Amino acid sequence: MTFRPVAATSQAQPTMEGAGVHLHRVFGFDDPTLTDPFLMMDDFRNDDPRLYSKGFPWHPHRGIETITYVLEGSVEHSDSLGNKGVLRPGGVQWMTAGSGIVHQEMPSGDAKGQMHGFQLWANLPSSLKMTAPRYQDISRGDIPVEVDDDGTAIKVIIGNFWGLSGPVDGIAAEPMLLDVSVPPGKRKVLKVDTRSNALAYVFAGSGRFRDASDPVGIRVEKEFGGQELNIRDMTGNRTLVRFGSGDEITVQAGEDGIRFLLMTGRPIQEPVAWHGPIVMNTRAELRQAFADLNNGTFIKHKAAF
């Protein structure tokens with residue numbers, strides 16, 4: 001057994017996307033080889049509807065898969081072919097854009113105004129860039145959960161772990177996506193595929209991943225008593241941990257426990273030509289994609305829903 005060392009840690013950075021949605025970019029638009037097969041991840045946890053209600057109006061995708069995981073609130077999605085659905089708390093949508101799809105994602109908060117969740121982009125290999133689009137909408141009740149004797153709880157969204165199989169299937173990079181909660185003070189060892197890249201995104205509590213420093217909160221502005229204060233937000237640590245090679249990771253939970261997404265996937269190791277929501281292998285393929293958008297031939301297949 002070989003423990004994976006921590007290669008790097010980083011903090012998610014505030015940004016805006018869509019029609020003015022305030023979110024935090026965990027990674028993306030940097031060197032894609034560092035997170036291959038994953039391209040980008042956004043943390044869209046927000047408690048102020050004014051900062052997310054305009055959502056993500058109609059936009060295209062080609063050459064990638066998007067994974068949306070909702071914790072609180074809901075996301076209504078629809079596409080140009082008439083497919084519609086609502087992603088509710090605890091649910092996951094894995095959308096294979098493939099050859100091309102035009103869709104919109106419109107968030108709604110819960111009774112407290114909370115809209116919490118994440119979106120992860122995964123690359124497609126060249127052989128599947130132009131595959132037919134499809135959706136896999138998974139409700140909370142369909143995601144298996146295992147609770148260990150020490151109280152550690154793991155939701156298996158995709159992949160196989162602790163004898164459980166996630167409900168998402170047919171994904172090229174053979175990824176694993178887990179939602180992991182470790183109780184205060186507990187130490188946990190988790191097996192991972194030695195051939196895969198591995199990332200952990202801490203979004204509650206704190207802890208140590210072997211030689212990693214403690215994840216810390218980021219400075220944010222919050223209103224209290226009518227005044228804007230700069231404080232260190234510890235409600236969601238927003239720390240990304242990128243691991244080196246090995247077949248196990250270990251985590252030591254802090255005094256408040258720790259919750260994180262664990263993502264692994266086998267690198268595709270192909271050239272990446274990327275512009276906005278379209279990711280191909282060459283600049284020529286990118287130019288063709290935008291030409292298709294302009295001349296009305298972008299949609300090649302009807303999306304399976």
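See the structure printed just above.
Presented here is a report on the structure given in the accompanying data block. Everything numeric in this text was worked out from a predicted model, so none of it was measured. (Residues numbered from 1 in each chain as written. Predicted model: local features only at pLDDT ≥ 70, side-chain atom pairs only at ≥ 80, totals over all residues. Heavy atoms only, no water.)

As for the layout of surface pockets
In step 1: Space inside the second largest pocket adds up to approximately 390 Å³.
In step 2: Sorting the residues of the lining of the second largest pocket by element identifies strand S3 (21–27), strand S4 (38–43), strand S5 (56–61), strand S10 (101–108) and strand S11 (116–123) as the ones contributing at least two each.
In step 3: Here the lining of the second largest pocket takes four residues from S5, the largest share from any one element.
In step 4: Taken together, the residues that form the lining of the second largest pocket break down as eleven nonpolar, six polar and four charged. (1 Å grid on protein atoms, 1.4 Å probe; cavity = no way out; pocket = protein on both sides within 12 Å on 5 of 7 lines; lining within 4 Å. Points joined across faces, edges and corners; volume = space filled by probe spheres on them. Helix = DSSP H or I, 4+ residues; strand = E, 2+ residues; numbered from the N terminus. Nonpolar A, V, L, I, M, F, W, Y, C, P; charged D, E, K, R; others polar.)

Quick word on the sheet that holds strand S12 (residues 134–138)
In step 1: The seven strands are arranged S2-S3-S4-S11-S6-S9-S12 in an open sheet whose pairing can be described as antiparallel. The strands lining the two open edges of the sheet, one partner per strand, are strand S2 (13–17) and S12. In this sheet, adjacent strand axes meet at a mean angle of 25 degrees when their direction is disregarded.
In step 2: Relative to S12, strand S9 (residues 92–96) runs antiparallel, the two sharing five bridges. Considered in S12, the bridge of Trp94 is made with Gln136. (Pairing = 2+ DSSP bridges. Axes fitted to C-alpha atoms, helices over the stretch in contact; angles between N-to-C directions.)

Brief notes about the pattern of salt bridges
In step 1: Here the structure, examined in full by the defined rule, presents 14 salt bridges.
In step 2: Between Glu17 and Arg25 there is a salt bridge, and its shortest N-O distance comes to 2.9 Å.
In step 3: The partner of Asp193 in a salt bridge is Arg195, and the shortest N-O contact between them spans 3.6 Å.
In step 4: Residue Arg195 is classed as exposed on the basis of its relative accessible area of 54%. (Salt bridge = Lys/Arg side-chain N within 4 Å of Asp/Glu carboxyl O. Buried < 20%, exposed > 50% of the residue type's maximum accessible area, 1.4 Å probe, protein only.)

Some thoughts on the nonpolar core
In step 1: Within the largest apolar cluster, 26 residues are counted, with the highest numbers of intra-cluster contacts made by Phe27, Met41, Phe118, Tyr201 and Met263.
In step 2: Residues Val182, Ala200, Val241 and Phe260 belong to the second largest nonpolar core, which totals 23 residues. (Core = buried A, V, L, I, M, F, W, Y, C linked by side-chain atoms within 4.5 Å.)

A few points about empty space enclosed by the protein
In step 1: Tallying each qualifying case throughout the model produces two cavities of 30 Å³ or more.
In step 2: There is about 50 Å³ of room inside the largest cavity.
In step 3: Contributing to the lining of the largest cavity are Met41, Ile67, Tyr69, Phe118, Leu120, Leu177, Leu261 and Met263.
In step 4: Of all the secondary-structure elements, those providing two or more residues to the lining of the largest cavity are strand S6 (64–72), S11 and strand S23 (248–265).
In step 5: Here the residues of the lining of the largest cavity are counted per class, giving eight nonpolar, no polar and no charged.

Let's talk about the sheet that holds S10
In step 1: Pairing in this open sheet of four strands is antiparallel, and the strands run S5-S10-S7-S8 from one edge to the other. Strands with a single pairing partner mark the edges of an open sheet, and in this sheet they are S5 and strand S8 (84–87). With strand direction ignored, the average angle separating the axes of adjacent strands in the sheet is 25 degrees.
In step 2: Looking at chain direction, S5 and S10 are connected through four bridges and run antiparallel. From the neighbouring strand, Phe56 faces S10, where its bridge partner is Glu105.

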